[in-house]
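Listed below, chain by chain, are the residues.
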Amino acid sequence: MFDRIFAGALLVLSGLIAWTAFHFDVPFQYEPLGPKAFPIILSIVLATSCVWMIVKPDKNSWYPTKEILIKIVIGLMIMVLYATLFDEMGFIISTTIVGAIFSWLFGEKPLRAFLYALALSLISYFLLADLMELNVPTGLLFGDL
Amino acid sequence: MDVLHYLSIGFSVALTPLNLGLVLAGCFIGTLIGSLPGIGPINGVAILLPLAYSIGLPPESALILLAGVYYGAEYGGRISSILLNVPGDAGAIMTTLDGYPMAKHGEGGRALALSAVSSFFGSMGALLLMVIFAPLLSKLAIQFGPSEYVWLMLFAFTCLATMVGKRPIKTVVGVVIGLLFATIGIDSGTGILRFTMGIPNLFDGVDFLVVVIGMFAISEVLILLESWARNDLKLTPVGKSFISFSDIIAVKWVIFRSTLSGFLIGVLPGTGASIASAVAYGTEKRFAEGKDEHFGTGDIRGLAAPEAANNASAAGSMVPMLTLGIPGSGTTAILLGALLMFNITPGPLLFEQQPNIAWGLIASMFIGNIALLVMNLPLIGLFVRLLSIKQSYLVPIIVMLTFVGIYSIHGDTFDLFFMIVLGLFAFILRKLGFSLAPIILGLVLGEVLEENLRRALSISGGDWSILLNSIMTYVLAFATVAALTAPRILKAFKH
């Protein structure tokens, strides 16, 4: 069932790709094939494969329970939060928050999760920013660190 | 004696203090990553790639580090296979069959030591084969024109589709998705924008690192989140048993055969360690039939074969990557992407023009293998203890490393969001039984494939018959058709 839904979505996508590629506005070109042909060929291959998958789908072996889905959605939300905070709040604060939530999600007690994430972010900040000289955001709060 | 001369250049590169340190670090980190259940070589290399790139290592040093992680992880994958019955990665699945029963009989130490020795001989043998055959292959490849390259890539994709995964059609879809990713951005031929949806961050094309990290590391975190609910791994005690000399003598031919087949399968484009170890195990099982075999219940031959083969294939898969620019496995696809990021185009000329990179890497692999053997015999207890690291400590580290790695490339949070979207997409793909390696292969080869196809047709003025204009193109076309039909024909014969 999931196979069919997914293949259907890809089929729509391959149509969109072919349509978009067909309407590329190419002012001039020196070669016979041009930028349109390759994506169009690919979309045809994709569409054919998708039709095949719709006709002969695999048996579904994945049955996500509600609990699992909730965990995954939370995990995704935390990562989006991390991406949002990363630049503005800086590495140390955002890593502490996000690390603590992840550690807690994977079964750690809240206080220990927080302390672990705090230690992790401080040590890593030193390792990554000072020792490896990576581009790690300090954030607005610690702007002069 | 060209080879010896180049090899000495290689060792002079590999033995500089920086590179020596990086080999050791790479092997150590690799074993560590490989031994953690769930995080295989491909994830390890993916997570470390942006860091290696951002630190600003010279290309050969970065490659030496990442390659060390790669074959280190192939070594480490066996530890959790043997002690937990959970393969560290796909290549170590066969190791569970006889390794875990041995550990259950109290022979964990013997199994670990024997598998380390088999891995060592497997990769050393494959390295020697690589030193002999890589320069020959690169000499042959110098004569390749655009048509040959088009066929070579089609051959690689066909091998991948017919050999990897249960459903070839899903591999085809994966490859096409990867190829489509590669078309995003400014078209090099005409300068028009393709599929950028008006997002300026995509004008340069999708960033290879963002795709790799998103698809592998982020989806891995989601998979870990999902599987955590039913996670109760029990570590089997290692015991005091150890390998004896007679064990090694008993499996010497097993190791020899498995190394050869592992290397060959590694060289075949697209196929990797999981197939190599499965083939080697199957072969040995057939060889041993009737001769006091207890495969599946702790036979040392069943342990030595997949371990020698999967490490041999890791070295083998580097051969087409370095000589043809066509990766032999998912992980080498990432290594190839890494080279491209450093503006180095692997291919037949690499060995001639940049011997320090090609031969430096090969020499470093010799050093790395010895280091791995040394690390894996006495230090095995350390890695075993690391197996009991809690996921609640591990996952925050993975997430942090991926975010820092991606952010430090451009300093732009767009990449972070894009990475998460790709991670979700890859998670769905994995749950539906797609393998991710074809996508990476498609992404890495997409531009080269399109460029060569367009170049070939420019030369011929649009005449498609140029794709069959030389003996080599016929050979490759035949090989492609053979790879496409052989599994079906073999099946028909069996019935």
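Residues numbered from 1 in each chain as written. Chains lettered and ligands numbered in written order. Predicted model: local features only at pLDDT ≥ 70, side-chain atom pairs only at ≥ 80, totals over all residues. Heavy atoms only, no water.

A. Up close: a nonpolar patch on the surface. All names here are of chain A. On the surface, Leu111, Phe114, Leu115, Leu118 and Leu122 cluster together to form a nonpolar patch covering roughly 470 Å² of accessible area. For Leu122, the position within the fold is in helix α5 (residues 110-131). Looking at Leu122, the relative accessible area reads 45%, which means it is partly exposed. (Patch = residues over 30% accessible without salt bridge, like charges linked within 9 Å, V, L, I, M, F, W, Y side chains within 5 Å. Areas by Shrake-Rupley, 256 points an atom, 1.4 Å probe, with all protein chains shown as cover. Salt bridge = Lys/Arg side-chain N within 4 Å of Asp/Glu carboxyl O. Helix = DSSP H or I, 4+ residues; strand = E, 2+ residues; numbered from the N terminus. Buried < 20%, exposed > 50% of the residue type's maximum accessible area, 1.4 Å probe, protein only.)

B. Molecular detail of the UniProt feature "transmembrane region" (unreviewed entry) in chain A. All names here are of chain A. Following the UniProt record, the feature "transmembrane region" (unreviewed entry) maps to residues 36-55, 67-83, 89-106 and 113-132 here. A helix fraction of 83% and a strand fraction of 0% characterise residues 89-106, whose end C-alpha atoms lie 24 Å from each other. End-to-end, the C-alpha atoms of residues 113-132 are 26 Å apart, and along that stretch the chain is 95% helix and 0% strand. (UniProt positions renumbered as here; feature names shortened; annotations may be inferred.)

C. Fine view of the UniProt feature "domain: DUF1468" (unreviewed entry) in chain A. Here, the residues flagged by UniProt with the feature "domain: DUF1468" (unreviewed entry) are residues 5-137 of chain A. With 75% helix and 0% strand, the stretch residues 5-137 of chain A has end C-alpha atoms that lie 41 Å from each other.

D. Geometry of the interface of chain B and chain A. Listed by partner, the interface residues are 64 residues for chain B and 62 residues for chain A. At the boundary of chain B with chain A, the tally comes to 4 salt bridges. Its salt-bridge partner being B:Arg454, residue A:Glu31 comes within 2.5 Å of it at the nearest N-O pair. Where chain B touches chain A, the interface holds 12 residue pairs in polar contact (both at pLDDT 80 or more). Elements represented by at least two residues in the side of chain B that touches chain A include exactly α3 (41-55), α7 (168-183), β2 (193-194), α8 (208-228), α18 (391-410), α19 (413-431) and α20 (437-460) of chain B. In terms of residue count, α18(B) provides more of the side of chain B that touches chain A than any other element does, 12 residues in total. In terms of residue class, the side of chain B that touches chain A is made up of 41 nonpolar, 13 polar and 10 charged. (Contact = heavy atoms within 4.5 Å. Polar contact = N/O pair within 3.5 Å; in protein donor to acceptor, adjacent residues only side chain to side chain. Nonpolar A, V, L, I, M, F, W, Y, C, P; charged D, E, K, R; others polar.)

E. Just unusual backbone geometry, in detail. Residues and elements named next belong to chain B. With a phi angle near 50°, Phe195 is a residue other than glycine that sits in the positive phi range. Looking at where Phe195 falls in the secondary structure, it is placed in the loop between β2 and α8. A positive phi angle, near 55°, is found at Met197, a position not held by glycine. Residue classification places Met197 among the exposed residues on the basis of a relative accessible area of 67%.

F. Expanded view of the confidence of the model for chain B. All names here are of chain B. Averaged over every residue, the pLDDT of chain B is 86; residues scoring 70 or more account for 96%. Confidence scores differ between elements of chain B, with helix α17 (residues 380-386) showing the lowest mean pLDDT of 80 and α19 the highest of 93. Per the prediction output, this complex has pTM 0.87; the corresponding ipTM is 0.93. (pLDDT = per-residue confidence, 0-100.)

G. Looking closely at the domain arrangement of chain A. Here the domain parsing of chain A yields domain 1 (1-55) and domain 2 (66-132). Computed over C-alpha atoms only, the centres of domain 1 of chain A and domain 2 of chain A are separated by 39 Å. (Domains from an automatic or database assignment.)

H. How the structure looks around the nonpolar core. Grouped together as the largest cluster of nonpolar side chains are 209 residues, with contacts concentrated most on A:Phe91, A:Phe102, B:Met130, B:Ile334 and B:Phe403. A total of 16 residues in this core trace back to one element, the largest contributor, which is helix α5 (residues 93-141) of chain B. Taken domain by domain, this core gets at least three of its residues from each of domain 1 (1-55) and domain 2 (66-132) of chain A. In this structure B:Phe403 touches A:Met79, A:Tyr82, A:Ala83, A:Phe86, B:Ile218, B:Leu416, B:Met419 and B:Ile420, once residues within four positions along its chain are discounted. (Core = buried A, V, L, I, M, F, W, Y, C linked by side-chain atoms within 4.5 Å.)

I. Structural detail: helix α1 (residues 2-22) of chain A. Taking 1.5 Å per residue, 21 residues should reach 30 Å; α1(A) reaches 30 Å between its end C-alpha atoms and fits that length. Of all the residues in α1(A), the buried ones are A:Asp3, A:Phe6, A:Ala7, A:Leu10, A:Ser14, A:Ile17 and A:Ala21. Buried residues of α1(A) fall within an arc of 95° about the axis and therefore sit on the same side. Across α1(A) from its buried face, at more than 90 degrees, point the exposed residues A:Ile5, A:Val12 and A:Trp19. Residues of α1(A) that are buried in the fold lie against α2 (34-55) of chain A together with α7 and α19 of chain B. (Expected span 1.5 Å × (residues − 1). Arc of directions from axis to C-beta.)

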